[in-house]
Amino acid sequence: MVFGWPVGAALRSLPTAGRRLILLLLLPGLSAAAWAQGRTTQRLNTGWQFQKDAEGRLSPAAPPATGWEAVSLPHTWNAQDVLDDEPGYYRGTGWYRKTLLLPAGWQQQRLYLHFAGANQETAVYVNGRLAGRHAGGYTAFRVPLSEALRATATQDNAAELLVQVTNRHNPNIPPLSADFTFYGGLYRGVSLVAAQPVHFDLDNYASAGVFVTTPAVSAAAAAVQLRGAVRNADAAPRTVRVRSRLLDAAGRVVAEHTVKLKLKAGQQGAFEQAFKPVQRPHLWSPADPYLYRVVSEVLSEQGQPLDEVVNPVGLRWFRFDAAQGFFLNGQPLKLIGTNRHQDQPGLGNALPEALHERDVRLVKQMGGNFLRVSHYPQDPAVLQACDRLGILASVEIPVVNAITESEAFYRRCDSMQTEMIRQSYNHPSVVIWAYMNEVLLQLPPGLKKDNDAGRAYLQNVARLAQRLDDLTRREDPARATMLVCHGAFELYRDAGLLRIPTVVGWNLYQGWYSPKLEDFPAFLERHRRELPDKPLLVTEYGADSDIRLHSLQPRRFDKTSEYSTAYHQYYLREMRTRPFVAGSAVWNLAEFNSEKRQEAVPHVNNKGLLTGDRQPKDAYLLYQAQLLSAPFVAIGARGWRRRAGVAAGPDSLVCRQAVDVFTNQPAVELRLNGRTLGTKPAAEGVARFQVPFGPGTNQLVATVPGQTVTDQADIEFQLVPAQLTAAAVPFTELNVSLGDERQFSDEARQQVWLPEQAYQPGGWGYVGGQVYRQAGNGQLPYGSSRNILGTEYDAVYQTQRVGLQQFRLDVPAGQYEVTLHFAELETAPPAEQLVYNLAQPGAAPGAAPAPSRRFDVLINGQVVAAALGPDHYLTPLQAVSLSFPVKAPAGQGIVVEFRAQRGEAVLNGIQVKRLY
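Every chain is numbered on its own, with residues counted from 1 as its sequence reads. The predicted origin of the model limits local features to residues at a pLDDT of at least 70 and limits the giving and counting of side-chain atom pairs to 80 or more, whereas totals for whole chains, interfaces and linings rest on all residues. Side-chain descriptors were evaluated using all non-hydrogen atoms of the structure, hydrogens and water having been removed beforehand.

Student: Explain the overall build of the protein residue by residue, including any values.
Tutor: Helical segments are the DSSP runs of H or I of at least four residues, strand segments are the runs of E of at least two, and each set is numbered from the N terminus. Looking only at helices and strands, the protein features 12 helices and 55 strands. Expected size for 916 residues packed as a compact globule is a radius of gyration near 29 Å; at 31 Å, the protein falls within 12% of this value. In terms of its C-alpha atoms, the protein occupies a principal-axis envelope of roughly 105 × 65 × 65 Å. Per-residue accessibility, obtained with a 1.4 Å probe over protein chains only, is compared with the maximum for each type, and a residue is labelled buried under 20%, exposed over 50%, and partly exposed between these values. Taken across its 916 residues, the protein has 60% of its residues classed as buried. Contact criterion: two residues are considered in contact whenever any of their non-hydrogen atoms come within 4.5 Å of each other. Sequence separation of 24 or more characterises 71% of the internal contacts of the protein that already satisfy a separation of 6 or more. For accessible areas, the Shrake-Rupley method is used with a probe of radius 1.4 Å. Any residue's cover is judged against the shown protein chains and nothing else. For the protein, the exposed area adds up to about 34600 Å²; of that, 50% sits on carbon and sulfur atoms. Only four residue types enter the charge count, namely Lys and Arg as positive and Asp and Glu as negative; His and the chain termini do not. Lysine's charge is taken at NZ, arginine's at CZ, aspartate's at CG and glutamate's at CD. If you average the places of the 91 positive and of the 84 negative side-chain charges in the protein, the two averages end up 5 Å apart. Within these notes, the globule rule equals 2.2 Å times the number of residues to the 0.38 power, and the radius of gyration is based on C-alpha atoms.

Pasting the structure below:
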């Protein structure tokens, strides 16, 4: 038995081993009686084969017998190549295939393939015959199979299924460009749907075919209405009844309505139903996401069930107010949550449903009540989880950065918007339909807002926005529309875009992409002043945060957790004090892939509150401390459990460093190795302690007075002696990142890199030189943001000291290993110009400048590396490490000397380890 179905006879009928059989598919029930039980849906996620077709040679009429690899769905062919050092990733064609073996009764059914998502152009072939196409990578679609099967069926009812998918750039399909990766493949599931000839409409943009509305809801009563259509694909006229029942969460019938339809052969008939109002309804809200459900059936004249669909119902009402924000069920509710992309390291965007659901739970566990599903519709599991968990949602189509001025592009936007709305119409969590994100961020080449071509382009953008807004209001007048802008207020205002939607969304990064944090509240006030009748959402804000980087004096663009946390603390405070800000969505819930990005973690946008593998950063803990109602306490810097620092003095055995404790309680106590460090009040969810760390394991325990809630963290601390020969703290190793102000904590190698310092007798540090700053980039405080090849430790190689004469360490006598780290940053070719990359703004394309440096390295007077430069060892943007055994005589220590022959010497990092 397979899934409870008898398969013996089918197995005996299998073709010979030479035939390419990928899947034996048996629809439930082989008898005529079994076929009468209505619709059957079977997932087809296993047993697929796949191959790339970069040269476009594969023919669906004669697919090759070899070259296939076994895969399961969801699947993407870009899971790995978006993370390597080779620029770009495969954007081309891939083919998938299966063989379907159908039972004899299939001819009496109407069969469809349901694709939950394939990026981005898809063609489906059955036995070599084209059965259907779809364009657009983020919405579901159905392909009818019955006609193609009848035309090509073999005697054994075998059918070979071939699916061609391409993620190539197509100027008539959005998105055209974006700060995320356009993964290719069948990255969501595929199902086979078998329905009776009389069934709910299966050709309505892959929707449920039944649409639920709640036109009037109050605490006293709620109206629930349905509309839909039934298709009679039979050869004879049929009279049927549509019966819909509203059930509560316990399964009790609350209301019922039945309507009769007389359908001619081949006819589709529409219906509408209105339940008797529900008295004293159990309202849906984030605090209490109570769900009813509607079960709709098509019944024969004899009462036999022919088809059935089930839809969730959440009884709630809401409104946006330009002065007072968002209201749910008559009460003000500040929307606070995150954006979310659908990928994860190692999987790409081919995630199982459980991981989609997990991300929504993480929004809830943060204390959030809002999810901006960005920048495209996502797996159905996302909105299903929002319904169940009480997360309000905004959903949008991927018209990002720019448009193509063509009717083909406009029609594709129309179809995407229609698919999105109809497929997600019945989710009570959805309150906003959106259709553009930062669409004026990149004007096409040669266009300016004040030249004729630029003005014409802006007019076409506005026309498309109005067209999509009108379409949305026709499809669903009950929900809000939204257009999302970047922070160029005048540009969007003058283009006429701000007047079009119900709600304007602003992606604002003051204090990150622009220098002043205080410009953020000023922008909010400007919106309120100039657009007093337009509700406002802050749809994006955030700061890069590499969980490995830390600073005791954080600065903009240093990518430390500490700066990111301070940034979020400021933004959250400013938004919560302004009632007219209806809500906000952090960019982003978790780090996500953006293949063209460089910076500290190449190919990754690391503004997420969580790492790619969903480990919380301090900013996530901050939101928990400010949003959760249950007692909460958490010791911060969870990615900094391995620390290092210089002892407070020659005879000291401690180094004091700040530790933040996050709590929603008034005060918190912190203990170190059982000894109290005192109790401190929490300000905006944070209590800061100066902790005297000693060498080895330091156990921290945070408790809330009068509460049982507690948190513990074990910190491994490497104490570097202030005087390297001091007996109190034996010298073991030292890792230093030159030109840097941050600590870099490397858990994988159990190492901590300290920021540079100037040499002082008895200690260690550089002599001479200056911090490297990337030419033409006034944003970065130090270092480069380029991708360094051949390493996962870009942050270490992106900073350097230029023109230094020495690096000295007054270590005790002994045998050591010295490792020097270099990366040539100045003679690198220009980076691709991306609006969201921090690398080389304004640099013009062209050849890299000629090599301008050559230097020798000596250790204790002996040349260990000669004539280093871009033409010798130091390949631009390539990590280079050179290790040397060194004997340190008594009283002499280690002196690493740099002698420049041409230009200036550089050093990115140094590691010194005592062997004995």
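Student: Kindly report on the sheet that holds strand E31 (residues 581-586), identifying the contributing residues and their values.
Tutor: Note on pairing: DSSP must find at least two bridges between two strands before they are called paired. Sheet architecture is closed into a barrel: 8 strands sit in the order E23-E24-E25-E26-E27-E28-E29-E31, paired in parallel fashion. For this sheet the average axis-to-axis angle between neighbouring strands, irrespective of direction, equals 25 degrees. Across 4 bridges, strand E23 (residues 335-340) lies against E31 in parallel orientation. Looking at the pairing, Leu335 lines up with Gly583 of E31. For helices, the axis comes from a line fit to the C-alpha atoms of the stretch in contact; other axes are also lines fit to C-alpha atoms, and the angle between any two N-to-C directions lies between 0 and 180 degrees. Set on the sheet, helix H5 (residues 380-389) makes contact with E23, strand E24 (370-373), strand E25 (392-396) and strand E26 (430-437); between it and E24 the angle comes to about 165 degrees. Sheet strands touched by helix H9 (residues 519-530): strand E28 (503-507), strand E29 (536-540) and E31. Its angle to E29, the strand with the most contacts, is close to 145 degrees.

Student: Describe unusual backbone geometry, listing the residues and the values that go with them.
Tutor: Going from Asn119 to Gln120, the amide bond is cis rather than trans, its omega being -5 degrees. Along the polypeptide, Gln120 turns up in the loop between strand E5 (110-115) and strand E6 (121-126). Here Asn127, not a glycine, exhibits a phi torsion of approximately 50 degrees, which is positive. Considering the arrangement of structural elements, one finds Asn127 in the loop between E6 and strand E7 (129-135). A relative accessible area of 28% means that Asn127 is categorised as partly exposed. The phi dihedral of Glu684 is positive, around 50 degrees, even though this residue is not glycine. By the element assignment, Glu684 lies in the loop between strand E38 (675-681) and strand E39 (686-693).

Student: Help me get a handle on the packing of helix H4 (residues 353-366) against helix H11 (residues 618-627), residues and values and all.
Tutor: H11 packs onto H4 with a crossing angle of 55 degrees between their chain directions and a minimal axis gap of 8 Å. One finds that H4 runs oblique with respect to H11. Here Leu362, Gln365 and Met366 of H4 come into contact with H11, specifically with Tyr620, Tyr623, Gln624 and Leu627. Under the grouping applied here, Gly and all other residues not named as nonpolar or charged are polar, the nonpolar ones being Ala, Val, Leu, Ile, Met, Phe, Trp, Tyr, Cys and Pro and the charged ones Asp, Glu, Lys and Arg. In terms of residue class, the contact of H4 with H11 is made up of 5 nonpolar, 2 polar and no charged. Roughly parallel refers to an angle under 35 degrees, roughly antiparallel to one over 145, roughly perpendicular to one between 65 and 115, and oblique to any angle outside these ranges.

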